Amino acid sequence: MNKKLKNTILLFLILTICLFSLSGCYSERNIDHLAYVVALGFDVGTDNKLRLSFQISVPGGSGDNGSSSQSDSSVVNTIECSTFDSGVNLLNSYLSKESNLSHCKMIVFSEEFASNGISETLFTLMNKVEIRPDCNVLVSRCNAEYFLKNSEPVLEKLSARYYEIAPTSSEYTGFTQSVTLSEFFSDYNDTFQTCYAILGGINTSDTHNSDSSENAVEKDSSNKADETLIQGKTNIENMGLAIFSGDKLVGELNGIQTICHQIISNTLNSCIINIPNPFEENQTISLKVRPIKNTKNKVKLVNGSAYITSNINLEARILTMNENSKYLNTNEIQTLEKSINSYLTTQLYDYLYKISKDFNSDIDGFGKYVVQNFQTYEDWKNFNWLENFKNSFFEVSVNTTVKSGYILMES
Amino acid sequence: MNIQKNTIITCFENLFSYHPKEDYQFSIPETLEKKQEQNYSSESSSNLELPKNIFPTLSVNLEVLTSRYNTMINSDIIIREFSLTAKNKEYKAFLFYIDGMVDTTSINHFVLDPLMLRNSANTYQSPESEVIKEAITNNIVVRKVKKFDLASYIYNHLVPQNSVEQVDTFDDVASGVNSGNCALFVDTLNIVFNIDVKGFKQRSVEKPENEIVIRGSQEGFTENIRTNTSLLRRFVNNEKLIIENIEVGNLTKTKCAVCYMKNIANTDLIAEVKYRLNNIDVDTIISSGQLEQLIEDNGKFSLPQLISSERPDKASNFLLEGRVVILVNGSPYCLIAPGTFIDFITSPEDLNLKFQFANLLKIIRILAVILTLLLPGLYVAITNFHQELIPTELLFAIVAARESIPLPIIFEILVMEVSFELIREAGLRVPSPIGPTIGIVGALILGQAAVDANIVSPILIIVVAITAIASFAIPDFSFGFHCRIARFVYIAFGYFLGFLGIAFCLFIHFLILSELKSFGYSYLQPYIPVTKDYKGIFLSPSWKREHRASFLNTKRPKRQADISMTWKNNK
């Protein structure tokens, strides 16, 4: 046979085989045919086991003139179903487009759902290829459907971006911590520590903290999500952490406790705390605090219970000023350092005994230090640290260096 | 049933199984070639009857030329008959030249004047024959005489021209006359004087228009091969620059010049270039583009395998690097052999700039190649198969923009790519006064209208525009063409197979690139295979470029001393 013809036929055959039999034509998922879920909500259903909410983004929904305005509106669909995947299936039969979870930014569990145990849901979510391990996990103080329906971004146009940015506020407030699904999952499976999630809520005037018994100093940072007195458009507020023991929600931390958690676990960037003014009564001083050294945790086993010492080094910069402030004076600075140390020590003891005695949940991962005392994995398992954590006792030493404020009043 | 099966099997075997070649040829088949040649030229056997050598009789010569040049109908062929005077004797003669190709003043003053007018040179009457030696023995005078030689007399005394050649065949006469010389036929002589009086109109040396640089020479090659060689000579300024002439084309006998540095270029490379040029059996060569296609190693792929340039400074740089430059008469583009991949994304400006600038530009150009090849393909692949790869906000922007577009993405992108190619092609064709209009009408109005009418999405316009801009950033025209063609293949594969298809296509592309050779040199040199002086992708500082590219195997591997800046490091 003619060689040229042979080559042509060969090339044609190879191309045909490649293009059609190898082809992914059938796995084609065109962007036009997909509905993008940006957030998932889990509630306890009435009849069935599960009440699933999907927040689906409608890109360019307002779309006047077909121009590419990026503002999107989103719709929330709620489905009663027995399992997560059957819920997705039901959603697909209901929507005109195929739902796609690969752009899901936030997974919201309601408090009720979380207290019932989320182990099965967690493993199912991790098993789902479409869900990214880096989406945030949040426990809402209201139910998840309500949370999703009211999470209207005010400053952003895209709700997906809103979900992505909102948890990053923890980097400069310290009031909460960004927790991703993969971190949550790995903490859950760990024998060293337990898992925790972002605590969120919808801030409305009904939910505001009306408890006026607390003193003014702690008022700001002792709030949990949705309690802060903010007047504005109904909005998500992320503040505090939801603490799990095993797969069940056992308690919540408020703002200052979350700061303590981050100081102990070395995840704090910087934060602002208020302390009582040692020089004037009924006054508070705001300080910008950041760690200068990593916190050193040491654990000794004493009679089967852990004796945990934490050595904390912080730097504080004075933010509150008045005309009587004499922060260039060494004595005044030392007085201030002392009162910061004592304030933080109290808060840290409160926090540590709260997580150990009240919640019995080692969210700081002290287990990592305890494990050094065991020679085999069997011994460690038999010791059952996560159960034993409640017997721990703590010693905290805080060492703060105060730097003066930014303005110089004396020269 | 069984028979059918067997036939199918044999059919497939015939298709795919390996069949060794039946006749191996380990030597150059001279006999075969000659046979073919004879067959080929026998078609025009009537030409063979033409006389070869010049006749001593003037009228016969005149007749031969009249018939050869069809002077009765050919309007610009001039035959000027006259009588020339030599040693006071008159000889019949004629001049033969082509009007428009010669400088008439030169002919008047330096050919006809001295031959026809009576002056001291042609009226000088020496004895009939010059006595060289005289001996008288027994009253008999024996004289050794030199006979009067008309040819040498004319050559030595009567034609005050710098370039005069004596030829004795009609073919030589024709080739001289065709290139603008004039032929002087003299009665009784069977040789012809081929006098150089070229004087046709030609373009002067101008700025190169298609390879623009900011810092660098602003001279470009012209159509005249002599001007071009002189440009090269001026840049190289060394007598080791050899410029060999080779004629290509059976009918046109186009003059091609093979230029190389005798003390640098590899002998095998020179031999290969000359071998290929000498063994082209075609009737016509008009431009270097035609020649390029005839001497490149592999014509199947759209990749350029010879560098073409209109810049003598670029050509000289390559000459001094050890490469061979081929000039073609009538073409303002030279060819440089061998051409490797990296040469096509190198601008002649790179050497004139500081190495940091040059490297930045190099990165940008590599990026441009990647963008122009892959961007539309990637866009199609991502939107069809891999939406999870796009950042969410970008995805929503794309989806929002596509909301009311009726066409599928593949169709959208093909429409835009094809219309862009149309604009590009149309932009070349329109007369220059309205040239800019096509850009405005095509790109701005059409694009805007298409977006407003919801035919294409604005994101796609951005994709196509970036691709287009990137394709213009590629310095070599032919390589840009290659990218334009390959882009469509990538779009097709991206559409059918997603990233798998693009990876597959890239694999094949690399396979082709690594398999390709230019004059025996691997196309991806010096990167694949890596040579010993390989210094990475980037250009090293000027003082560090001690070696010529070692893959070229030059005779002078070092181009500068280890310490080139002796003023600074003189110990």
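Residues numbered from 1 in each chain as written. Chains lettered and ligands numbered in written order. Predicted model: local features only at pLDDT ≥ 70, side-chain atom pairs only at ≥ 80, totals over all residues. Heavy atoms only, no water.

**Here we look at the overall build of chain A**
Then, number 1: A count of helices and strands for chain A gives 14 helices and 14 strands.
Then, number 2: C-alpha atoms of chain A, sized along the principal axes, occupy 100 × 60 × 60 Å.
Then, number 3: A separation threshold of at least 6 residues defines the contact pool for chain A, and within that pool the share at least 24 residues apart is 71%.
Then, number 4: Put simply, chain A shows about 19,800 Å² of open surface, and 49% of that area lies on carbon and sulfur atoms. (Helix = DSSP H or I, 4+ residues; strand = E, 2+ residues; numbered from the N terminus. Contact = heavy atoms within 4.5 Å. Areas by Shrake-Rupley, 256 points an atom, 1.4 Å probe, with all protein chains shown as cover.)

**Some thoughts on the layout of surface pockets**
All names here are of chain B.
Then, number 1: Of the volumes computed, that of the second largest pocket is approximately 1,200 Å³.
Then, number 2: The set of elements that each furnish at least two residues to the lining of the second largest pocket consists of helix 10 (288-295), helix 12 (355-384), helix 14 (409-429), helix 16 (458-472) and helix 17 (477-515).
Then, number 3: Of all the elements, helix 17 adds the most residues to the lining of the second largest pocket, at 5 residues.
Then, number 4: Its residues placed into classes, the lining of the second largest pocket shows 19 nonpolar, 14 polar and 11 charged. (1 Å grid on protein atoms, 1.4 Å probe; cavity = no way out; pocket = protein on both sides within 12 Å on 5 of 7 lines; lining within 4 Å. Points joined across faces, edges and corners; volume = space filled by probe spheres on them. Nonpolar A, V, L, I, M, F, W, Y, C, P; charged D, E, K, R; others polar.)

**Side note on the domain arrangement of chain A**
Residues and elements named next belong to chain A.
Then, number 1: For chain A, the domain assignment lists domain 1 (33-62 + 70-253) and domain 2 (256-406).
Then, number 2: If you average the C-alpha positions of domain 1 and of domain 2, the two centres end up 29 Å apart.
Then, number 3: With 27 residues of domain 1 at the contact, the number on the domain 2 side is 34 residues.
Then, number 4: Between domain 1 and domain 2, roughly 2,300 Å² of surface is buried when both sides are summed, and carbon and sulfur atoms account for 56% of that area.
Then, number 5: Seen at the junction of domain 1 and domain 2, the total is 0 salt bridges.
Then, number 6: For the pair domain 1 and domain 2, the number of links is 11 residue pairs in polar contact (both at pLDDT 80 or more).
Then, number 7: Breaking the side of domain 1 that touches domain 2 down by element, the ones donating at least two residues are helix 7 (170-173), helix 9 (216-219), strand 8 (235-245) and strand 9 (248-253).
Then, number 8: Counting residues per element, the side of domain 1 that touches domain 2 draws most heavily on strand 8, which supplies 5 residues. (Domains from an automatic or database assignment. Buried area = accessible area lost by both parts, 1.4 Å probe. Salt bridge = Lys/Arg side-chain N within 4 Å of Asp/Glu carboxyl O. Polar contact = N/O pair within 3.5 Å; in protein donor to acceptor, adjacent residues only side chain to side chain.)

**Section: helix 13 (residues 392-401) of chain B**
Along an α-helix, a turn takes 3.6 residues, which lines up residues three or four apart on a common side.
Then, number 1: For helix 13 of chain B, a buried count of 9 out of 10 residues is recorded, marking the element as mostly surrounded by other parts of the structure.
Then, number 2: Of the positions making up helix 13 of chain B, those classed as buried are T392(B), E393(B), L395(B), F396(B), A397(B), I398(B), V399(B), A400(B) and A401(B). (Buried < 20%, exposed > 50% of the residue type's maximum accessible area, 1.4 Å probe, protein only.)

**Side note on the packing of aromatic side chains**
Then, number 1: Tallying each qualifying case throughout the model produces 32 aromatic pairs over all chains.
Then, number 2: Their ring planes at 5 degrees and their centres at 5.9 Å tell us that F109(A) and F113(A) sit as a pair that is stacked. Note on accessibility: F109(A) and F113(A) belong to one class, buried.
Then, number 3: With centroids separated by 5.9 Å and ring planes inclined at 40 degrees, the aromatic side chains of Y162(A) and Y163(A) adopt a geometry described as tilted.
Then, number 4: Taken together, the ring pairs in this structure connect F192(A), Y349(A), Y353(A), F366(A), F374(A), W380(A), F383(A), W385(A), F389(A) and F394(A) into an aromatic cluster.
Then, number 5: Taking NZ or CZ as reference, R276(B) lies 4.2 Å from the ring centre of F519(B), over its face.
Then, number 6: The ring of F481(B) has R484(B) lying over it, and the distance from NZ or CZ to the ring centre is 4.6 Å. (Phe/Tyr/Trp six-rings, centres within 6.5 Å; stacked < 30°, edge-to-face > 60°. Lys NZ or Arg CZ within 6 Å of the ring centre and 35° of its normal.)

**Focus on the confidence of the model for chain B**
It should be kept in mind that the predicted coordinates are not to be read in detail where pLDDT is low.
Then, number 1: Chain-level pLDDT for chain B is 85 on average; 92% of the residues reach the 70-or-more range.
Then, number 2: Here residues 31-46 of chain B scores under 50 on pLDDT; set against residues more than four positions off or in separate chains, the count is 4 contacts. (pLDDT = per-residue confidence, 0-100.)

**Considering a nonpolar patch on the surface**
Then, number 1: Residues I363(B), V530(B), Y534(B), I537(B) and F538(B) make up a contiguous nonpolar surface patch of about 450 Å² in total accessible area.
Then, number 2: Here Y534(B) is to be found in the loop between strand 14 (521-522) and helix 18 (566-569). (Patch = residues over 30% accessible without salt bridge, like charges linked within 9 Å, V, L, I, M, F, W, Y side chains within 5 Å.)

**Focus on helix 11 (residues 312-321) of chain B**
Residues and elements named next belong to chain B.
Then, number 1: With 8 of 10 residues buried, helix 11 lies mostly within the body of the structure.
Then, number 2: All of the buried residues along helix 11 are P312, D313, K314, A315, S316, F318, L319 and E321.
Then, number 3: Considering only its buried residues, helix 11 is in contact with helix 8 (225-236), strand 8 (241-248), strand 9 (254-261), strand 10 (307-309), strand 11 (324-328) and strand 12 (334-337).

**Section: the nonpolar core**
Then, number 1: Ranked by size, the top nonpolar core spans 127 residues in total, and within it L40(A), F42(A), F54(A), I107(A), F109(A) and F244(A) carry the most contacts.
Then, number 2: In terms of residues, this core owes the most to one element, helix 11 (residues 330-359) of chain A, which gives 10 residues.
Then, number 3: Other than its neighbours up to four places away in sequence, F109(A) contacts F42(A), A114(A), I118(A), T121(A), L125(A), V137(A), L138(A), V139(A) and S140(A).
Then, number 4: Counting 42 residues, the second-largest nonpolar core is a separate cluster that includes I307(B), V325(B), L327(B) and F496(B). (Core = buried A, V, L, I, M, F, W, Y, C linked by side-chain atoms within 4.5 Å.)

**A short note on the side chain of S457(B)**
Then, number 1: Inspection of the secondary structure assignment puts S457(B) in the loop between helix 15 (435-452) and helix 16.
Then, number 2: Excluding anything up to four places from it in sequence, S457(B) contacts Y379(B), A401(B), R402(B), I405(B) and E412(B).

**Looking at the sheet that holds strand 7 (residues 192-195) of chain B**
All names here are of chain B.
Then, number 1: Spatial ordering of the open sheet is given by 1-2-6-7-5, a layout of 5 strands whose pairing is antiparallel. A strand with exactly one partner marks an edge of an open sheet, and here the two such strands are strand 1 (77-86) and strand 5 (164-167). With direction set aside, neighbouring strand axes in the sheet form an average angle of 25 degrees.
Then, number 2: When strand 2 (residues 89-98) meets strand 6 (residues 182-186), the two strands line up antiparallel, connected through 4 bridges. Residue pairing for strand 6: L95 is matched across the bridge by L184.
Then, number 3: Packed onto the sheet, helix 6 (residues 150-158) meets strand 1, strand 2, strand 5, strand 6 and strand 7 and runs at close to 95 degrees relative to strand 1. (Pairing = 2+ DSSP bridges. Axes fitted to C-alpha atoms, helices over the stretch in contact; angles between N-to-C directions.)

**Regarding unusual backbone geometry**
Then, number 1: A cis amide bond links A337(B) with the next residue in sequence, P338(B), at an omega value of -10 degrees.
Then, number 2: Within the element layout of this structure, P338(B) appears in the loop between strand 12 and helix 12.
Then, number 3: The omega torsion of the bond from Q525(B) to P526(B) falls at 0 degrees, within 30 degrees of zero and hence cis.
Then, number 4: Mapped onto the fold, P526(B) is located in the loop between strand 14 and helix 18.
Then, number 5: Non-glycine residue N303(A) carries a positive phi angle of around 50 degrees.
Then, number 6: Structurally, N303(A) can be placed in the loop between strand 12 (296-302) and strand 13 (305-318).
Then, number 7: The exposure class assigned to N303(A) is exposed, which follows from its relative accessible area of 81%.
Then, number 8: Despite not being glycine, N237(B) shows a phi value in the positive range, around 55 degrees.
Then, number 9: Tracing the backbone shows N237(B) in the loop between helix 8 and strand 8.

**Structural notes on the sheet that holds strand 8 of chain B**
Residue and element names in this part refer to chain B.
Then, number 1: Pairing is antiparallel across the open sheet formed by 5 strands, whose spatial order is 8-9-11-12-10. One side of each edge strand has no neighbouring strand; the edge strands of this open sheet are strand 8 and strand 10. Across the sheet, the axes of successive neighbouring strands diverge by a mean angle of 25 degrees, strand direction being ignored.
Then, number 2: Of the strand pairs in this sheet, strand 11 and strand 12 are connected by 3 bridges, and their pairing is antiparallel. Its bridge partner lying in strand 12, V324 is registered against A337.

**Re the confidence of the model for chain A**
Then, number 1: Confidence in the prediction of chain A, expressed as mean pLDDT, is 84, and 91% of residues score 70 or more.
Then, number 2: Within the model, the stretch residues 62-70 of chain A combines pLDDT values under 50 with 13 contacts to residues more than four positions away or in other chains.

**Thoughts on the packing of helix 3 (residues 58-69) of chain B against helix 7 (residues 170-178) of chain B**
All names here are of chain B.
Then, number 1: With their axes 12 Å apart at the nearest point, helix 3 and helix 7 run at an angle of 55 degrees to one another. Regarding the angle of helix 3 to helix 7, the classification is oblique. As for the relative orientation of helix 3 and helix 7, their crossing is right-handed in sense. Residue-level contacts link N61, V64, L65, R68 and Y69 of helix 3 to F170, D171, A174, V177 and N178 of helix 7.
Then, number 2: Across the contact of helix 3 with helix 7, the residue classes break down as 6 nonpolar, 2 polar and 2 charged. (Parallel < 35°, antiparallel > 145°, perpendicular 65-115°, else oblique. Left-handed = near helix turned anticlockwise from the far one by under 90°.)

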